[in-house]
Amino acid sequence: MTDPCMDPYEAIAYGRFTAAQINTLLLGLDFELDGTLRLMASRVAAASEALEAALLRAGVPELFLHRTPEGTPDAVQAARETLRALVHYAESCRDGYMITSRLLQGESLSTAVRRTPAKLLARLEHAREAIEKMKAMLPEHASWSARVDETRAALAAFDDEVHAGRSERRSMTADVAAAWNTWQRAYSSAKHVVLGALAGIDKVPLIREVFDDLADESPSRLSQLPSVPAMY
């Protein structure tokens, strides 16, 4: 139940997303487990920071971490800002709740804009298609469609550049390997803890909004745990 294509470069964004989502979405759902969930979020965040530091010490270009040089357009941030602006615009329209729900595919806005670049690309493509289908409800649909398409194209080009550079760098230093192993243990253990916490309150599907690599998992693969009966 982990993205088989995840590598040390992608892991940093995955880890930061998970740490933020645990603190945003899960605290307060089961007060007795809040301390444990905070601990797991802290461990994943710390492992992500350590992995990033190890990669940079090894001379990995910041481009490989989806960072742009200072003073140049940030395609990832632009994608997040465009999606956020589109949703805020949609909220002001008639039937705004329905429109935003379709744009976000049922996710919260905070979750959608935190997604990793690959997921952001998919959500921008979905948003463009949704605008086309709902253009009768969106007075400025043409300008928004063009803006979303331009932002998506810029992010896709940047993502392609990042992955092309990564594919040419195969070696991993001992320092990076150790940090990568630590990250995988922290991420995997957090997944087990979160899954258990959500199973206890019958909210297992929420795990899709906590772990980016599970965003598109089918319900049948989310857990092998038996469903919680509605009545005893």
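This write-up is about the structure you can find in this document. (Residues numbered from 1 in each chain as written. Predicted model: local features only at pLDDT ≥ 70, side-chain atom pairs only at ≥ 80, totals over all residues. Heavy atoms only, no water.)

1. Thoughts on the overall build of the chain
1) Next: The helix and strand inventory of the chain stands at nine helices and zero strands.
2) Next: Each helix (α) and strand (β) of the chain, taken in turn from the N terminus, gives the series α-α-α-α-α-α-α-α-α.
3) Next: For the chain, the C-alpha radius of gyration of 19 Å lies close to 17 Å, the compact-globule estimate for 232 residues.
4) Next: When burial is assessed residue by residue, the chain has 42% of its 232 residues classed as buried.
5) Next: Pairs at least 24 residues apart make up 74% of the contacts formed inside the chain by residues separated by at least 6 positions.
6) Next: By element, 54% of the accessible surface of the chain is carried by carbon and sulfur atoms, the whole surface being about 12200 Å².
7) Next: In the chain, the 26 positive side-chain charges and the 32 negative ones have mean positions that sit 2 Å from each other. (Helix = DSSP H or I, 4+ residues; strand = E, 2+ residues; numbered from the N terminus. Rg over C-alpha atoms; globule rule 2.2 N^0.38 Å. Buried < 20%, exposed > 50% of the residue type's maximum accessible area, 1.4 Å probe, protein only. Contact = heavy atoms within 4.5 Å. Areas by Shrake-Rupley, 256 points an atom, 1.4 Å probe, with all protein chains shown as cover. Lys, Arg positive; Asp, Glu negative; His and termini not counted. Charge placed at Lys NZ, Arg CZ, Asp CG, Glu CD.)

2. Focus on the side chain of T111
1) Next: By secondary structure assignment, the location of T111 is in helix 5 (residues 109-114).
2) Next: Relative accessible area serves as the criterion here: at 0%, T111 is assigned to the buried category.
3) Next: For T111, the side chain forms a polar contact with the side chain of Q21, separated by 2.7 Å.
4) Next: There is a polar contact of 3.2 Å between the side chain of T111 and the side chain of E209. (Polar contact = N/O pair within 3.5 Å; in protein donor to acceptor, adjacent residues only side chain to side chain.)

3. A few points about the packing of aromatic side chains
1) Next: Across all of its chains, the model carries five aromatic pairs by this definition.
2) Next: With a centroid separation of 5.5 Å and an interplanar angle of 25°, the aromatic rings of Y89 and W144 are classed as stacked. Pair noted here: Y89 is in helix 3 (residues 75-91) and W144 is in helix 7 (residues 141-167), with a separation of 55 residues, a long-range link.
3) Next: You can call Y89 buried: its relative accessible area is 13%.
4) Next: Overall, W144 belongs to the buried group, its relative accessible area being 10%.
5) Next: Arranged with centres 5.6 Å apart and planes meeting at 20°, the rings of W180 and W183 form a pair that is stacked. Taken together, the residues W180 and W183, both in helix 8 (residues 174-200) and three residues apart, mark about one turn of the helix. Comparing W180 with W183, the two get one shared label, buried. (Phe/Tyr/Trp six-rings, centres within 6.5 Å; stacked < 30°, edge-to-face > 60°.)

4. Thoughts on the environment of D213
1) Next: Here D213 is to be found in the loop between helix 8 and helix 9 (219-222).
2) Next: Take D213: its relative accessible area is 10%, and that puts it in the buried class.
3) Next: Expressed as a C-alpha distance, the spacing of D213 and D30, which sit 183 residues apart in the sequence, is 24 Å.

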